[in-house]
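Spelled out from the first residue to the last, the chains are:
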Amino acid sequence: MVRLRVGIVLILLSWFPFAQILIAVLHNHGRLTSDDATNEFRLIVWGIQIVVGLVGLLLAGKVTIDEAKRTGWRRTPGRLWNLFWRGAEASARG
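Residues numbered from 1 in each chain as written. Predicted model: local features only at pLDDT ≥ 70, side-chain atom pairs only at ≥ 80, totals over all residues. Heavy atoms only, no water.

### Here we look at the overall build of the protein chain
- A count of helical and extended segments in the protein chain gives 5 helices and 0 strands.
- Along the protein chain, helices (α) and strands (β) appear in the sequence α-α-α-α-α when read from the amino end.
- Computed over the C-alpha atoms, the radius of gyration of the protein chain is 18 Å, more than 25% above the 12 Å expected from 2.2 N^0.38 for a compact globule of 94 residues.
- Summarising its shape, the C-alpha atoms of the protein chain cover approximately 55 × 20 × 20 Å along the three principal directions.
- Buried positions account for 27% of the 94 residues belonging to the protein chain.
- Taking contacts inside the protein chain between residues at least 6 apart in sequence as the whole, the part at least 24 apart equals 60%.
- Working note: accessible area of the protein chain is about 6,800 Å², and carbon and sulfur atoms make up 66% of it.
- Put simply, the protein chain has 12 plus and 6 minus side-chain charges, and the middle of one group is 16 Å from the middle of the other. (Helix = DSSP H or I, 4+ residues; strand = E, 2+ residues; numbered from the N terminus. Rg over C-alpha atoms; globule rule 2.2 N^0.38 Å. Buried < 20%, exposed > 50% of the residue type's maximum accessible area, 1.4 Å probe, protein only. Contact = heavy atoms within 4.5 Å. Areas by Shrake-Rupley, 256 points an atom, 1.4 Å probe, with all protein chains shown as cover. Lys, Arg positive; Asp, Glu negative; His and termini not counted. Charge placed at Lys NZ, Arg CZ, Asp CG, Glu CD.)

Structure below.
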């Protein structure tokens, strides 16, 4: 269940406001001095976050699809919740 856990963590990290935090820090230290540099930096960070989110979606999505095929779409959210928190022991119980 490492794929599920890593996938969910990557998806959550892709939504964290890294760009705004890093821009504030870099402005305070005098590293970003123009609006153009700030916008370029923001776009780079957002691009990285999009890729991280897509990798997370790929990892968690594979587990989700497999679980949905096994237990049905209605039970999938509950099963994923159990797999995320309990891992292999939840998988062994059914």
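### Describing the pattern of salt bridges
- Applying the stated rule across the entire model yields 3 salt bridges.
- A salt bridge links R70 to E67; the nearest nitrogen and oxygen atoms lie 2.9 Å apart. Here the residue R70 and the residue E67 both occupy positions in helix 3 (residues 35–71), the gap between them amounting to 3 residues, near one helical turn.
- Residue classification places E67 among the buried residues on the basis of a relative accessible area of 2%.
- With its nearest N and O atoms 2.9 Å apart, the salt bridge here joins E67 to R79. A residue pair is termed long-range when its members are at least 10 positions apart, and E67 in helix 3 and R79 in helix 4 (residues 76–86) qualify at 12 residues.
- Since its relative accessible area comes to 10%, R79 is described here as buried.
- Among the ionic contacts, a cluster of salt bridges with common partners joins E67, R70 and R79. (Salt bridge = Lys/Arg side-chain N within 4 Å of Asp/Glu carboxyl O.)

### Some thoughts on helix 3
- Taking 1.5 Å per residue, 37 residues should reach 54 Å; helix 3 reaches 51 Å between its end C-alpha atoms and fits that length.
- Within helix 3, the axis deviates most sharply at G61, by approximately 25°.
- Of the positions making up helix 3, those classed as buried are T38, V45, Q49, G53, G56, L59, A60, V63, T64, E67, A68 and T71.
- Elements in contact with the buried residues of helix 3: helix 1 (2–15), helix 2 (18–28) and helix 4.
- A positive backbone phi angle near 95° is found at G72, which sits one or two residues after helix 3. (Expected span 1.5 Å × (residues − 1). Bend = angle between axes of the 7 residues up to and from the residue.)

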